[in-house]
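Fold and contact review
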Amino acid sequence: ASLGPLRDGHMEVSLDLHGAGSDWRRWGLMGEVTLEHGVLATADTLGHELTDVSLRIKSVNRRIEIQQFAFRAGNSDVAAEGVITNWRGTPSIRLRIHSSQLDLGLLVPRREEHAAEAATDTREGRRRLPDVDVDLRVKYAFYKEFLLTDVTGRFVMKENVLQVERLSATTEEVRLDGHAL
């Protein structure tokens, strides 16, 4: 049995699924999933596999609490917690993400994947993306030889429009503050 990109780790699952009929989206779902020491095979899409993956989520019907999600990718570490509501429809995601060290190169789409996604969007029309609200805190963020410290910001995406609020960071010479739409 395949668990997608999960290659290693210790997983515990406890679910209570109840309902009637063939439309599972109307069924009740409660439970918890825990993953420790996970390895996700994401080198094809991200350029690095994710290691030291730990995840603890709790689901109550249409709400998922992300109590802990943490991983390493190359020299980067990321940890997050938050809530996903309406996960069976168009989700709304609220996250707090923090990192002591983040390679921003991991966030740059690979050229061939970006081209494939753009072609799909053109053929099928624009997809409705989930609403997202993220508070970000990164102690050291780097891209190649460029270093930013004390990066903070809030990223809000609503109706496929991304806003960057309260973005701030420091380089060796200057303090950066701003926002974007």
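Above: the structure in question.
Residues numbered from 1 in each chain as written. Predicted model: local features only at pLDDT ≥ 70, side-chain atom pairs only at ≥ 80, totals over all residues. Heavy atoms only, no water.

The tally for this structure, following the rule as stated, stands at 11 salt bridges. In this structure, Asp 177 and Arg 175 form a salt bridge, with 4.0 Å as the shortest nitrogen-oxygen distance. By relative accessible area, which is 44% here, Arg 175 ends up partly exposed. The network of salt bridges with shared partners includes Arg 94, Asp 133, Asp 135, Arg 154, Glu 165 and Arg 166. (Salt bridge = Lys/Arg side-chain N within 4 Å of Asp/Glu carboxyl O. Buried < 20%, exposed > 50% of the residue type's maximum accessible area, 1.4 Å probe, protein only.)

Burial of strand β5 (residues 76-85) is extensive: 7 of the 10 residues sit out of reach of the surface. Strand direction decides the pairing type here: strand β4 (residues 63-73) and β5, joined by 9 bridges, are antiparallel. If you follow Glu 65 over to β5, its bridge partner there is Val 83. Following β4, the chain reverses through 2 residues before pairing antiparallel with β5; Gly 74 in that reversal takes a positive phi of roughly 60°. Relative to strand β6 (residues 92-103), β5 runs antiparallel, the two sharing 8 bridges. Along β6, the bridge assignment pairs Ala 79 with His 98. Counting the residues between successive antiparallel strands, the hairpin from β5 to β6 contains 6 residues, one of them, Asn 86, with a positive phi of roughly 55°. (Helix = DSSP H or I, 4+ residues; strand = E, 2+ residues; numbered from the N terminus. Pairing = 2+ DSSP bridges.)

Right, let's talk about the sheet that holds strand β2 (residues 28-40) for a bit. Taken in spatial order, the 10 strands line up as β1-β2-β3-β4-β5-β6-β7-β8-β9-β10 in an open sheet, and their pairing is mixed. Single-partner strands in this sheet number two, and they are β1 (6-18) and β10 (175-180). Going across the sheet, the axis of each strand differs from the next one's by a mean of 10°, ignoring polarity. (Axes fitted to C-alpha atoms, helices over the stretch in contact; angles between N-to-C directions.)

What follows deals with the environment of Gln 163. Within the fold, Gln 163 resides in strand β9 (residues 161-170). Along the chain, Gln 163 and Asp 133 lie 30 residues apart, while their C-alpha atoms are 9.6 Å from each other. Not counting the four nearest positions on each side in its chain, Gln 163 is found in contact with Arg 154, Phe 155, Val 156, Ala 180 and Leu 181. (Contact = heavy atoms within 4.5 Å.)

Time to look at the environment of Leu 40. Along the chain, Leu 40 falls in strand β2. In sequence terms Leu 40 and Ala 73 are 33 residues apart; their C-alpha atoms lie 9.9 Å from each other. When sequence neighbours within four positions are dropped, the list of residues in contact with Leu 40 reads Pro 5, Leu 6, Glu 49, Leu 50 and Val 53.

Our focus in this paragraph is the packing of aromatic side chains. Across all of its chains, the model carries 1 aromatic pair by this definition. Judged by centre distance (5.4 Å) and plane angle (45°), the ring pair of Phe 69 and Phe 71 falls under tilted. Over the aromatic face of Tyr 140 sits the side chain of Lys 139, whose NZ or CZ is 5.8 Å from the ring centroid. (Phe/Tyr/Trp six-rings, centres within 6.5 Å; stacked < 30°, edge-to-face > 60°. Lys NZ or Arg CZ within 6 Å of the ring centre and 35° of its normal.)

Next up on the list: unusual backbone geometry. Of note, His 37 is a non-glycine position whose phi angle comes to about 55°, a positive value. Within the secondary structure, His 37 sits in strand β2. Looking at His 37, the relative accessible area reads 62%, which means it is exposed. A positive phi angle, near 55°, is found at Glu 159, a position not held by glycine. Take Glu 159: it is sitting in the loop between β8 (146-158) and β9.

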